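Take a look at the letters that make up each chain.
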Amino acid sequence: MEMEMEMEMEMEMEMEMEMEMMEMEMEMEMEMEMEMEMEMDGGVISRRLYGPIWKSTFGHYRNINIGSPVVLEQLLRQEGKYPMRSDMALWKEHRDTRRLPYGPFTEEGERWYRLRQVLNKRLLKPSEALLYADAIGEVVSDLMVRLREERSRSPSGVLVGDVANLLYRFALEGISYILFETRIGCLKQQVPAETQRFIDSINLMFKNSIFATVLPRWSRKVLPFWDRYLDSWDTIFAFGKTLIDRKMKELEGQVERGTEVSGYLSYLLASGTLSLDEVYGSVAELLLAGVDTTSNTLSWALYHLSRDPEIQETLYQELKAVVPADRFPAAEDIPKLPMLRAIIKETLRVYPVVPTNARVFYEKDIVIGDYLFPKNTLFVLAHYAMSHDETYFPEPERFLPQRWLRGHGSPHHPFSSIPFGYGVRACVGRRIAELEMHLALARMIQAFEVRPDPRGVEVTSVSRIVLVADKPINLEFIARPGAP
Ligand code: HEM
């Protein structure tokens, strides 16, 4: 009897502790969301209040914020051969704890340079990205099938709920197909369990990394966030490793049979410059970078097109004039579609998916105007604030793709909207991201007229490491007569 009571009491205490922990987690999540949302606004408001440069803190980081393209240019032009974004301490701690090599985000100095030289090949130039046009086209076709199925399942027969989720699945399928030369089933009606686990781990890793940045180190032993953070990275790496190992086996067979190997992963594995471990490290980081970025940008583009029928009609007419009605838009059409390209540029101006970036100059002091910043200063590049600055973009809150068209736009500073970053450390996936976004958007607008959610839901952006919508974006897709 006594034992039973003791056990009951223990269970009650455990439940209470769990409840307390959950409450604390929820409180912290809300606080952090508020802090990050304030930061997001703060970029714009701080620039107005303090001018082109201001100080701030985040967790234990002390930042110098840059909010003017003129100052940003002065800063970035002082970059050396091995620019460094930030110390990436948290990501490195996972790699160090698990004895894994660094990838393009985490690596530094000479070793980063060597890694980028290998990764850049077959990715960085527009002509190299074209190697993947057929693969992307295949994934876009599957996106269209999924889109049609989703809309036909809605009560109105035309509404697609939470387009960002669908586009996330498209982007993950696309980047996986490019990297692993393997389809992973994200656009099937039911996402395979291991793929879903991987998707969930990315979200968990980002969420827990915020906790880990803000909380003191001692709390790692008593609170669950740090272990969850490490576990989610492990799942991300395990997912990549399984697919790489599978490819390795295939390649061995192909080499034995004397078949020529092609594709990005085959190239990396056959390059002879990277060890298998280095390939694991790089592919995990490439995979991570290539999903939320393209999917959120595409979601915002569709959202604005749905709210601006005139711009959408201009794009549709442009597509009709360039792409015959009996075929789909292809990579070679893109140079002839200036409005399509302008829409993506304007989307990335209004919603720079990486709203703030960073640079640390560890080899030298930095001079900007009359100010000297000692080496190792952490500069936060407030891209969101800059691309919303009316000095460079009149009516900055309006979605006006025309600004980017030759002969239409007002002149803007070349550093005022640089959504893919700058210099040798800029985004390695830029060309494939653009190709994916151009081909997917062109196909959707060729087939459908996109209209807003009839319930009139207003969506705004919030920063959760990348810039995302604060609520699901639901859109109507009305079939265009005679579309292929
Ligand atoms: C809309 C799509 C995308 C946007 C807006 C974007 C933006 C960026 C930005 C702003 C950076 C930092 C650059 C700098 O510090 O100067 C970056 C880095 C990076 N991106 Fe992207 N990205 C996109 C898609 C992709 C894709 C599809 C991939 C995968 C192939 C990718 C892979 C990377 C990698 C690996 C880095 C780190 C490069 C390094 O540190 O050397 N990104 N991206």
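- The chain goes by Sterol 26-hydroxylase, mitochondrial in an unreviewed UniProt entry, where it is assigned to Hirundo rustica rustica.
- Turning to the chain, the UniProt record has this under Cofactor (unreviewed entry): "heme".

## A look at the environment of Phe237
Thinking step 1. Structurally, Phe237 can be placed in helix α9 (residues 225-257).
Thinking step 2. For Phe237, a count of 21 C-beta atoms within 10 Å translates into the label buried.

## A look at helix α14 (residues 338-350)
Thinking step 1. Its 13 residues give α14 an end-to-end C-alpha distance of 18 Å, which sits within 8% of 18 Å, the value for a rise of 1.5 Å per residue.
Thinking step 2. Within α14 the residues assigned to the buried category are Leu340, Ala342, Ile343, Ile344, Glu346, Thr347, Leu348, Arg349 and Val350.
Thinking step 3. As for α14, its buried residues are in contact with α12 (292-307), α13 (309-322), α15 (383-387) and α16 (430-447).

## Some words on the UniProt feature "binding site: heme" (unreviewed entry) in the chain
Thinking step 1. Within the UniProt annotation, "binding site: heme" (unreviewed entry) is assigned to Cys427.
Thinking step 2. Along the chain, Cys427 falls in the loop between α15 and α16.
Thinking step 3. You can call Cys427 buried: it has 20 C-beta atoms within 10 Å.
Thinking step 4. Cys427 has contacts with Phe420 and Gly421, leaving out every residue within four places of it along the chain.

## Things to note about the sheet that holds strand β7 (residues 378-381)
Thinking step 1. One open sheet holds the four strands; their spatial order is β1-β2-β7-β4, and the pairing between them is mixed. Each of the sheet's edge strands pairs with one partner strand only, and the pair in question is β1 (53-58) and β4 (357-360). Each strand axis lies, on average, 35° off the axis of its neighbour in the sheet, ignoring direction.
Thinking step 2. Alignment of β1 against strand β2 (residues 61-66), held across six bridges, turns out to be antiparallel. Across the sheet, residue Trp54 finds its bridge partner in β2, namely Asn65.
Thinking step 3. In this fold helix α2 (residues 69-76) packs onto β1, β2, β4 and β7, with an angle of close to 115° to the strand it touches most, β2.

Calculation rules
- Residues numbered from 1 in each chain as written.
- Predicted model: local features only at pLDDT ≥ 70, side-chain atom pairs only at ≥ 80, totals over all residues.
- UniProt positions renumbered as here; feature names shortened; annotations may be inferred.
- Helix = DSSP H or I, 4+ residues; strand = E, 2+ residues; numbered from the N terminus.
- Buried ≥ 20, exposed ≤ 12 C-beta atoms within 10 Å, placed from the backbone.
- Expected span 1.5 Å × (residues − 1).
- Contact = placed C-beta atoms within 7 Å.
- Pairing = 2+ DSSP bridges.
- Axes fitted to C-alpha atoms, helices over the stretch in contact; angles between N-to-C directions.

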